[in-house]
Amino acid sequence: MSLAHALLTSLQEKSSSGYDLARRFDKSIGFFWRATHQQIYRELARMEAAGWIASQAAPDGGRTRKKLYQVCPAGRKELKRWAREPAPMVELRDELMVRLRADAVVGPLGLDKEIERRAALHAEKLAAYEAIEARDFPAGAELSREARIQHLILKTGIMYEASWVAWSQEALAVLRDAKVQAPAQG
């Protein structure tokens, strides 16, 4: 996925200034696609040059250089084209898994502290996602198609974080099991 497509999606939801877009991005798409504000502004300029978006001066009487961006027909066409393409599978690439393999072959390395740290981070993010779910998607509420899709995306984050918390608990139990013998030194 390119940043341009993430920005087109966000701008399709609501025309915005670059600043407001970056703030909204941080609170929504930013949960699963990271970009700095500088990257966002650079990409907005590129997208405008490509004719995907257009900007106009903000209605503040010219007191700022703020621009409001909106998606042009060419941008909407590009977003549709991109959304229909098959998405590549995300491959797990986590250095911790290699460290665990090393622990398995050379003996205890004290990885439980790192797993505890990560478990706490995942639990924190899980709590944040669950708070968003309770606030934005209350049980029994009638939701529009758009809201139901947004809830599906949030549920993916909830399931991801919950699985890491559960995995961390299992990993800690294995690493701390006194019955588990270190491999023979050779």
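Our subject in this report is the structure included herewith. One numbering rule holds for all chains: residues counted from 1, following each sequence as written. In keeping with the model being predicted, local features are shown solely for residues with a pLDDT of at least 70 and side-chain atom pairs are shown and tallied solely at 80 or more, while totals for entire chains, interfaces and linings include all residues. Water and hydrogen atoms were dropped before computing side-chain values, which therefore reflect all heavy atoms in the structure.

**Some thoughts on the sheet that holds strand β1 (residues 16-17)**
Through backbone hydrogen bonds, the strands of a sheet pair up, either in parallel or in antiparallel fashion.
For step 1, the next point in the chain: Here, any two strands with at least 2 DSSP bridges between them count as paired. Only runs of H or I of at least four residues qualify as helices and only runs of E of at least two qualify as strands under DSSP, and these elements are numbered from the N terminus. Taking strand neighbours across the sheet as the criterion, the 3 strands line up as β1-β3-β2 in an open arrangement whose pairing is antiparallel. Edge positions in the sheet fall to β1 and β2 (53-57), since each of these pairs with one other strand and no more.
For step 2, the next point in the chain: Sheet topology places β1 next to strand β3 (residues 67-71); 2 bridges connect them, and they run antiparallel. Residue pairing across strands places Ser17 opposite Leu68, the latter belonging to β3.
For step 3, the next point in the chain: Contacts are assigned to residue pairs with any non-hydrogen atoms lying within 4.5 Å of each other. Between the N-to-C directions of two axes lies an angle of 0 to 180 degrees, each axis being a line fitted to C-alpha atoms and, for a helix, fitted only over the stretch in contact. On top of the sheet, helix α1 (residues 3-13) reaches β1, β2 and β3; it is set at about 100° to β3, its chief contact.

**Some remarks on the packing of helix α2 (residues 18-27) against helix α3 (residues 37-49)**
When two helices pack together, their arrangement is given by the angle between their axes and by how far apart the axes lie.
For step 1, the next point in the chain: Running from N to C, α2 and α3 cross one another at 125°; their axes reach a closest spacing of 10 Å. Taken as axis vectors, α2 and α3 run oblique relative to one another. Considering only the axes of α2 and α3, their crossing is right-handed. Packed against α2, whose contacting residues are Gly18, Tyr19, Leu21, Ala22, Phe25 and Asp26, the element α3 presents His37, Ile40, Tyr41 and Leu44 at the interface.
For step 2, the next point in the chain: Residues were grouped as follows: Ala, Val, Leu, Ile, Met, Phe, Trp, Tyr, Cys and Pro as nonpolar; Asp, Glu, Lys and Arg as charged; and all remaining residues, including Gly, as polar. Here the contact of α2 with α3 is composed, by residue class, of 7 nonpolar, 2 polar and 1 charged. Orientation is classified from the angle alone, with under 35 degrees giving roughly parallel, over 145 giving roughly antiparallel, 65 to 115 giving roughly perpendicular, and any other angle giving oblique. Handedness of a helix crossing follows the sense of rotation of the near helix relative to the far helix, less than a right angle counterclockwise being left-handed and clockwise being right-handed.

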